[in-house]
Amino acid sequence: MSLHAAATLRGERVALRPWRDDDLAPFAEMNADAEVMRHFQAPLTREQSDALARRARLHVEQFGYGLWALEVPGRSFAGFVGLARVPFELPLPGFAKDPHEIGWRLTRAAWGRGFASEAARLALQHAWDALRLPHVVSFTAQANRASQAVMQRIGMTPRGEFEHPRIPQGQPLCPHVLYAIDAP
Ligand SMILES: CC(C)(COP(=O)(O)OP(=O)(O)OC[C@H]1O[C@@H](n2cnc3c(N)ncnc32)[C@H](O)[C@@H]1OP(=O)(O)O)[C@@H](O)C(=O)NCCC(=O)NCCS
């Protein structure tokens, strides 16, 4: 039995909701799309995709927040948006040791409509109102301008650069930019 009711957050057009079994197939399709995964080391296999969905689903069910499944008009599953603890120490001063990050991954058909930013604003509001977090970070490969544009649209500001500790140094994906926003 979960400790918290799994929260659904609703915006004008989008909803962040708990995961369902029928999300697994479109999630795997998205994670196998080389364009969606351009700024990651590789697309995901079906097994890797299912494992990621399982972790996200359990977290949302257990804690009432996390990487929620995203619903947009006309599409019951369009990817994920949400909050997760950073799984490594950020090598930058001034941040809690394990801050929460905000992240997003949308299926290509849902790009260019403002859905990621609308959903991210809902998740941030939850970070402040329900979780009472002091700040939220986000980071991405330097070349991922689309993701940095979402960070900027939701009011995050650049706080520095770092080499991602889980990507081999020298790889083009290793240099990352860090953004953050403080609780209002
Ligand atoms: C990162 C990602 C979510 C950004 O998606 P996106 O569609 O560019 O971002 P948004 O949903 O905020 O949409 C913003 C765009 O919609 C446009 N738009 C259209 N209608 C809109 C509306 N009603 N409201 C707001 N924006 C609207 C905006 O003008 C903007 O377009 P622009 O980039 O040409 O200026 C997407 O590229 C993605 O999933 N990438 C792959 C995964 C990834 O890299 N994730 C991040 C890893 S750190």
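Residues numbered from 1 in each chain as written. Predicted model: local features only at pLDDT ≥ 70, side-chain atom pairs only at ≥ 80, totals over all residues. Heavy atoms only, no water.

Draft legend 1. Just the environment of Ala183, in detail. With respect to the helices, strands and loops of the structure, Ala183 is situated in the segment after strand 8 (175-182). Take Ala183: its relative accessible area is 31%, and that puts it in the partly exposed class. Separated by 24 residues in sequence, Ala183 and Arg159 have C-alpha atoms that sit 15 Å apart. In contact with Ala183, not counting residues within four places along its chain, are Trp128, Leu133, Pro134 and His135. (Helix = DSSP H or I, 4+ residues; strand = E, 2+ residues; numbered from the N terminus. Buried < 20%, exposed > 50% of the residue type's maximum accessible area, 1.4 Å probe, protein only. Contact = heavy atoms within 4.5 Å.)

Draft legend 2. Spatial organisation of the side chain of Ser138. Its place among the elements puts Ser138 in strand 6 (residues 135-141). A relative accessible area of 2% places Ser138 in the buried class. Within polar-contact distance, the side chain of Ser138 engages the backbone oxygen of Ile102 at 2.9 Å. Apart from residues no more than four positions distant in its own chain, Ser138 is found in contact with Ile102, Trp104, Met151, Met156, Val177, Leu178 and Tyr179. (Polar contact = N/O pair within 3.5 Å; in protein donor to acceptor, adjacent residues only side chain to side chain.)

Draft legend 3. Expanded view of the pattern of salt bridges. In the structure shown here, the tally under the stated rule is twelve salt bridges. For Arg38, the salt bridge is made with Glu35, and the minimal N-O distance between the two is 3.4 Å. With relative accessibility at 51%, the residue Arg38 sits in the exposed group. The partner of Arg46 in a salt bridge is Asp50, and the shortest N-O contact between them spans 3.1 Å. On the criterion of helical spacing, the pair formed by Arg46 and Asp50 is a turn pair, its members being four residues apart in helix 2 (residues 46-63). Residue classification places Arg46 among the partly exposed positions, given a relative accessible area of 40%. Each of Arg17, Arg20, Asp22, Asp23 and Glu71 takes part in salt bridges that share partners, so that together they form one network. (Salt bridge = Lys/Arg side-chain N within 4 Å of Asp/Glu carboxyl O.)

Draft legend 4. How the structure looks around the sheet that holds strand 1 (residues 9-10). If you trace the eight strands from one edge of the open sheet to the other, you get 1-2-3-4-5-6-8-7, paired in mixed fashion. Two strands lie at the open edges of the sheet, namely strand 1 and strand 7 (157-163), each paired on one side alone. Here strand 6 pairs with strand 8 via seven bridges, running antiparallel. Considered in strand 8, the bridge of Thr140 is made with Val177. (Pairing = 2+ DSSP bridges.)

Scope: geometric values only; no functional claims are made or implied.
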